[in-house]
Amino acid sequence: MKRLERLHRANEYLRGFSLPGYEVVPVRVASQADATSRLARLSGDQVLIARPELHQDGNSDRHRDSISLAFFVLAKDLGPASSPEAEDELFGRLEKIASDVLTKLADDTTSCGLLAGLSLTSADVVPENTIFGGWTGYSIDVTLE
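Quick caveat: nothing in here was measured; it's all calculated off a predicted structure. (Residues numbered from 1 in each chain as written. Predicted model: local features only at pLDDT ≥ 70, side-chain atom pairs only at ≥ 80, totals over all residues. Heavy atoms only, no water.)

Overview of the pairing of strand β5 (residues 135–144)
The cut-off we apply is this: In this scheme, a residue with accessible area under 20% of its type's maximum is buried, one over 50% is exposed, and one in between is partly exposed, where area comes from a 1.4 Å probe on protein chains only. Note on conventions: DSSP H or I runs of at least 4 residues are helices, E runs of at least 2 residues are strands, and numbering of each starts at the N terminus. For two strands to count as paired, DSSP must find a minimum of two bridges between them.
Most of β5 sits out of view: nine of its ten residues are buried. As judged from the nine bridges shared by strand β4 (residues 120–131) and β5, these two strands associate in the antiparallel manner. Note that in β5 the partner of V125 across the bridge is I140. The hairpin formed by β4 and β5 contains three residues between the paired strands, and F132 there has a positive phi angle of roughly 50 degrees.

Some points on the packing of aromatic side chains
Put simply, the test is: Pairing of aromatic rings covers Phe, Tyr and Trp, the last through its six-membered ring, and needs centres within 6.5 Å; plane angles under 30 degrees mean stacked, over 60 mean edge-to-face, and all others mean tilted. Either the NZ atom of lysine or the CZ atom of arginine qualifies as a charge over a ring when it sits within 6 Å of the ring centre and within 35 degrees of the ring normal.
Following the criterion strictly, the structure yields four aromatic pairs and no others. Measuring from centroid to centroid gives 5.8 Å for Y13 and F17, while their planes differ by 70 degrees, and the two rings are edge-to-face. Pair check on accessibility: Y13 and F17 agree, each one buried. With a centroid separation of 5.0 Å and an interplanar angle of 85 degrees, the aromatic rings of F72 and F132 are classed as edge-to-face. Note that F72 is positioned in strand β3 (residues 63–76) and F132 in the loop between β4 and β5, a separation of 60 residues in sequence. Just as F72 is buried, F132 falls in that class too. Taken together, Y13, F17 and F71 form an aromatic cluster joined through their ring pairs. Lying over the aromatic face of F17, K104 brings its terminal NZ or CZ to 5.6 Å of the ring centre.

All we've got here are geometric facts, nothing functional implied.
See the structure below:
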């Protein structure tokens, strides 16, 4: 268990992850197919959390663990109702949620015991269009070390 302790703590943290001020309940998934099937029953803005990945490198003298997390902040694709203005509004609204996800995660690395010893070392926020069966928004890839 010692080798996977950080992975275990990251899973526990994500199990309780929520965004204060939002009614959205994050959905945790393990694969793209899992995400597509779970999102098929949902509407409105959604936060999807991929199960964390543990990366280990180095040798017995210098060992390093990192945890990769992926969040998706999504809304149903606008389809035929799409216009530049509607798309701007959609991405603007989801950008705010993505910012709040990153802020909470950064704050929690200093205040949550489950993330003790980890710090946010990188974050990539990428716009996504028509993923998981017709959802649009942002993917957020985060590395904790």
